[in-house]
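# Structure assessment
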Amino acid sequence: MKILCDTQITINKNGTSGPPRKSKKATLAIGYKNPGKDNAELQILHFTRQNPSGTKYKVNNNIRRLYTNFIKDGKATIAFIDPEEDLMLKCDPIQLKGFLNTLKLGMSSNGYNPKIKAVLGTTAIPDKIVNEVTTLTVKKPSDFPTKGLPKKLITLHMSSVTLSKIPFQVYGLQHLKILHVNDNNIETIPKELGRLELIELNLANNKLSKSKDWLWLQNPKLSGSLSFLDLSSNKLEFFPVEVINVQHLNTLKLNNNQIKKIPFGIKRLKELKHFHLSSNDLHSVPDTLSNMRLAVLDVWGNKFLPINEKLQCKKEKNKFVPQALWIRAIQMVEKYRLPVKNLPWVLIEIIEKATKCFSCDKLCLELFIMERGRCSQFTFVDHLVLDRNYTVYSDLAFCSSKCVNSTFSSDNNNEGGGGLMLMEF
Ligand SMILES: [Zn+2]
């Protein structure tokens, strides 16, 4: 991979560093010489305008230290052993993270790692692109460029500029990775936003509300790239279910909305690490949440409650109506543990979204019974933020009343069970 950055070199002889040389615009590349062979060697190439053929640095056993404390500001330093040079980098934080992740992957790999590409034929990113504007901050409406937005923008900040919608030009910015349009008056997002492969999207403090306006999150381009999504302080009365398809989501912020339920399918967000749900109208969380490995779970300011409604009656099943074919199909997949990957995608979707019975672990397909209990300990959450006045209640799903009974009769300590809810698909 290669990135554009500003670099400064400091000669570091015998532990004493000399004055840094002047900062230069540079292209930095990382990759293998002789990939796949016994003599494969991971290298970093450093091109500048003054040095278009590039300087090569060996990676393995040649890095004295990697300084990454200021990575959030887009700064890092690689200290090499031979030559004794410290290479200071400054660039877009997301790009820098990607570069350093590749570097760390290479350093930790024993021998050749096929995930990293060859370095052969790598050249500097042309000057024309180097000089193009990649970051733009619009602080007031008059800052908006009269000639339109630069085509190569990677980062665009348009916060607090009273936007009522995202300007249409933004959807044509193919290189855009970071978009901040927080603190505006945006009510809807058109589906065109889904064409962008954004990594970070900040929509906090806007007026998003309606359920039909989430098509933009269904586009595989955006849902395959997005890692950070902030929807705090909007007017959401529901959890936008499309979010659970954003496979690489690491941070999801939904603070200060009026969300009442989190779907059981939240478990599909396997890479989620930071989940912020403070000051919503949650009465419970799904039990699947307590099994997720999160760095932060913030549920402060929600009024968790046990269920008080009485048992609702299950509808009599008509014996003469055959089961839907898809239900039979999934039951067979489960029973014979058939591999999921060759199934039609419709079935895969249903299996992935279906809730599992808390007791027997079978998929709850036709109906499930919900029981609410005091929440387990969130053992896998590093930092749990909650209001000590409220016990967290979680909803558990069961496939049958037999499974409910077997769980609660064997667990005398459970003080939950305020009521049962029967739900049908
Ligand atoms: Zn069961």
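Residues numbered from 1 in each chain as written. Predicted model: local features only at pLDDT ≥ 70, side-chain atom pairs only at ≥ 80, totals over all residues.

This part is about the overall build of the protein chain. From N to C terminus, the protein chain includes six helices and 23 strands. Contacts in the protein chain between residues far apart in sequence, at least 24 positions, make up 48% of those at least 6 positions apart. (Helix = DSSP H or I, 4+ residues; strand = E, 2+ residues; numbered from the N terminus. Contact = placed C-beta atoms within 7 Å.)

Right, let's get into the pairing of strand β5 (residues 55-58). Along any regular strand the residues' side chains alternate between the sheet's two faces. Where strand β4 (residues 41-48) and β5 come together, four bridges link them in antiparallel fashion. Of the residues in β5, the one forming a bridge with L45 is K56. Hairpin connection between β4 and β5: a loop of six residues separates the two successive antiparallel strands, and G54 in this loop has a positive phi of roughly 85 degrees. (Pairing = 2+ DSSP bridges.)

Nonpolar side chains in soluble globular proteins generally cluster together in the buried interior. Counting 46 residues, the largest nonpolar core has L176, L198 and L226 as the members making the most contacts within it. When sequence neighbours within four positions are dropped, the list of residues in contact with L198 reads L176, K177, L179, L222, S225 and L226. Membership of the second largest hydrophobic core comes to 25 residues, among which are A26, M88, L96 and I116. (Core = buried A, V, L, I, M, F, W, Y, C linked by C-beta atoms within 7 Å. Buried ≥ 20, exposed ≤ 12 C-beta atoms within 10 Å, placed from the backbone.)

All right, on to unusual backbone geometry then. The omega torsion across D82 and P83 is 0 degrees, close enough to zero to call that bond cis. If you trace the backbone, P83 turns up in the loop between β7 (75-80) and β8 (85-90). Within the chain, N256 stands out as a residue other than glycine whose phi angle is a positive 55 degrees. Tracing the chain through its elements places N256 in the loop between β14 (251-253) and β15 (274-276). Backbone geometry at S279 places phi at a positive 50 degrees, although glycine is not the residue there. Position of S279 among the secondary structure elements: in the loop between β15 and β16 (285-286).

As judged from the three bridges shared by β15 and strand β17 (residues 294-298), these two strands associate in the parallel manner. Within the sheet, the bridge partner assigned to F275 lies in β17 and is L297.

Taken together, nine strands build an open sheet; the order of strands is β9-β10-β11-β12-β13-β14-β15-β17-β21 and the sheet is parallel. Edge strands, defined here as strands with exactly one partner in the open sheet, are β9 (135-137) and β21 (381-385). Here the average twist between neighbouring strands, direction ignored, is 5 degrees. Pairing geometry for strand β11 (residues 178-180) and strand β12 (residues 200-202), over three bridges, is parallel. Residue I178 lies in a different strand from β12, and its bridge partner there is E200. (Axes fitted to C-alpha atoms, helices over the stretch in contact; angles between N-to-C directions.)

With that settled, the discussion passes to the environment of A329. If you trace the backbone, A329 turns up in helix α4 (residues 325-335). Taking the C-beta count within 10 Å as the criterion, A329 has 18 such neighbours and is therefore assigned partly exposed. Along the backbone, A329 and L347 are 18 residues apart, and their C-alpha atoms lie at a distance of 8.3 Å.

All right, on to the confidence of the model for the protein chain then. Summary statistics for the protein chain give a mean pLDDT of 84 and a share of 90% for residues scoring 70 or more. Counting contacts from residues 309-316, a segment whose pLDDT is below 50, to residues more than four positions away or on other chains yields eight contacts. For the stretch residues 421-425, pLDDT sits under 50, and the model shows 14 contacts to residues farther than four places along the chain or on other chains. (pLDDT = per-residue confidence, 0-100.)

Turning next to the packing of α4 against helix α5 (residues 345-353). Orientation of α4 relative to α5, taken along the N-to-C sense of each, is 70 degrees, at an axis distance of 11 Å. Judged by the inter-axis angle, α4 sits roughly perpendicular to α5. Contacts between α4 and α5 involve W326, A329 and I330 from the first element and L347, I350 and I351 from the second. Partitioning the contact of α4 with α5 into residue classes produces six nonpolar, no polar and no charged. (Parallel < 35°, antiparallel > 145°, perpendicular 65-115°, else oblique. Nonpolar A, V, L, I, M, F, W, Y, C, P; charged D, E, K, R; others polar.)

Positionally, K13 belongs in strand β1 (residues 2-13). Under the C-beta neighbour-count criterion, K13 is labelled exposed, with 10 such atoms within 10 Å. In this structure the C-alpha to C-alpha distance between K13 and E85, which are 72 residues apart in sequence, comes to 8.0 Å.

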